[in-house]
Amino acid sequence: MFAHVVWLGALIALSGCSLPPQAPLRVDFPVSVGQPLTEFTLEGRLSLRAGDEAVSGGLLWSRQGARDHMLITTPMGVAVAKITRVGEHIEVVDHKGQRTVTESGLSGLDQVLGFKLPLEYLPWWLAGAAKAGEFRRLEMDGEGRLVHLEQDGWWIDFQRYQPVADRFLPRKLIARRGEDLELRLVVDQWTLP
């Protein structure tokens, strides 16, 4: 089971703080609230709880269009997994050097895990946005930033934002699906082109 949690932690990577929001605005209809991030580098921390299993560690993720390079580490900085994606080709190398390749993109990874993760939505969520037309509910703060979002069975709390270049991007978000799956992501440093 631990191997599945390590895989889960590795796969979830595919996809200054402001004050807490004052009075959220609730919107119950599909609107476009932003675009996904297509080029960035982030350094941060993630934790993942799946049922009774939990894993946490560091994350270094660089994205350039259809190319992703990720490194998942233990809290002590030891590499757990390296992930490379070029289009639909995804390669994962674990801490033992075992290599797994899929040419089916994210759906191939879902089949390996046996359940669906929100990897297709993370580029939007990391931009502090919802994928247009594909969400049930969202709440925004007085500055127009997402506070809560319900999308594809996931409930996402955007807990903190930070200034990056000419915009505000999430510093901390928590995504939950039911009682069994929770992802926490804290971005310590953003680099945009």
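Everything discussed here concerns the structure shown above.
First, a word on what this report is: a plain description of the structure on this page. (Residues numbered from 1 in each chain as written. Predicted model: local features only at pLDDT ≥ 70, side-chain atom pairs only at ≥ 80, totals over all residues. Heavy atoms only, no water.)

**Quick notes on the environment of Ala-50**
Selection criterion: Strands are runs of DSSP state E lasting at least 2 residues, helices are runs of H or I lasting at least 4, and numbering of each runs from the N terminus. Throughout this description, buried means an accessible area under 20% of the type-specific maximum (1.4 Å probe, protein chains only), exposed means over 50%, and partly exposed covers the range between.
Relative to the helices and strands, Ala-50 resides in strand 2 (residues 39-50). Residue classification places Ala-50 among the buried positions, given a relative accessible area of 14%. Separated by 132 residues in sequence, Ala-50 and Glu-182 place their C-alpha atoms 6.7 Å apart.

**Focus: the packing of aromatic side chains**
Two numbers describe a pair of aromatic rings. These are the distance of the centres and the angle of the planes. Defined as follows: Aromatic pairs are defined between Phe, Tyr and Trp rings, using the six-membered ring for Trp, whenever the two ring centres lie within 6.5 Å; interplanar angles under 30 degrees are classed as stacked, those over 60 as edge-to-face, and all others as tilted. Placement of a positive charge over a ring is assigned whenever Lys NZ or Arg CZ falls within 6 Å of the ring centre and within 35 degrees of the normal to the ring plane.
As enumerated under the stated definition, the model contains 5 aromatic pairs in all. Measuring from centroid to centroid gives 5.8 Å for Tyr-121 and Trp-125, while their planes differ by 10°, and the two rings are stacked. You can call Tyr-121 buried: its relative accessible area is 4%. A relative accessible area of 0% means that Trp-125 is categorised as buried. Among the aromatic residues, those joined into a cluster by ring pairs are Phe-40, Trp-61 and Trp-190. The ring of Tyr-161 carries Arg-145 above its face, with NZ or CZ at 5.5 Å from the centroid. The ring of Phe-168 is capped by Arg-145, whose NZ or CZ atom sits 4.8 Å from the centre of that ring.

**Some remarks on the pairing of strand 3 (residues 53-64)**
Consecutive residues of a regular strand have side chains that alternate between opposite faces of the sheet. Worth spelling out the cut-off: Any two strands with at least two DSSP bridges between them are considered paired.
Inspection of the sheet shows strand 2 paired to strand 3 by 12 bridges, in the antiparallel sense. Note on strand 3: the bridge partner recorded for Phe-40 is Arg-63. Here strand 2 hands over to strand 3 after 2 residues, with Gly-51 in that stretch at a positive phi of 65°. Here strand 3 runs beside strand 4 (residues 67-73); their pairing, made up of 7 bridges, is antiparallel. Considered in strand 4, the bridge of Ser-62 is made with His-69. Connecting the antiparallel pair strand 3 and strand 4 is a turn made up of 2 residues, with Gly-65 showing a positive phi of about 65°.

**Details of the environment of Pro-36**
Stated formally: Residue contacts are defined here by distance: any two heavy atoms, one from each residue, within 4.5 Å place the two residues in contact.
Position of Pro-36 among the secondary structure elements: in the loop between strand 1 (25-27) and strand 2. Considered as a pair, Pro-36 and Tyr-121 are 85 residues apart in the sequence and their alpha carbons are 8.4 Å apart. For Pro-36, the contacting residues outside a window of four places in its chain are Pro-123, Trp-124 and Ala-127.

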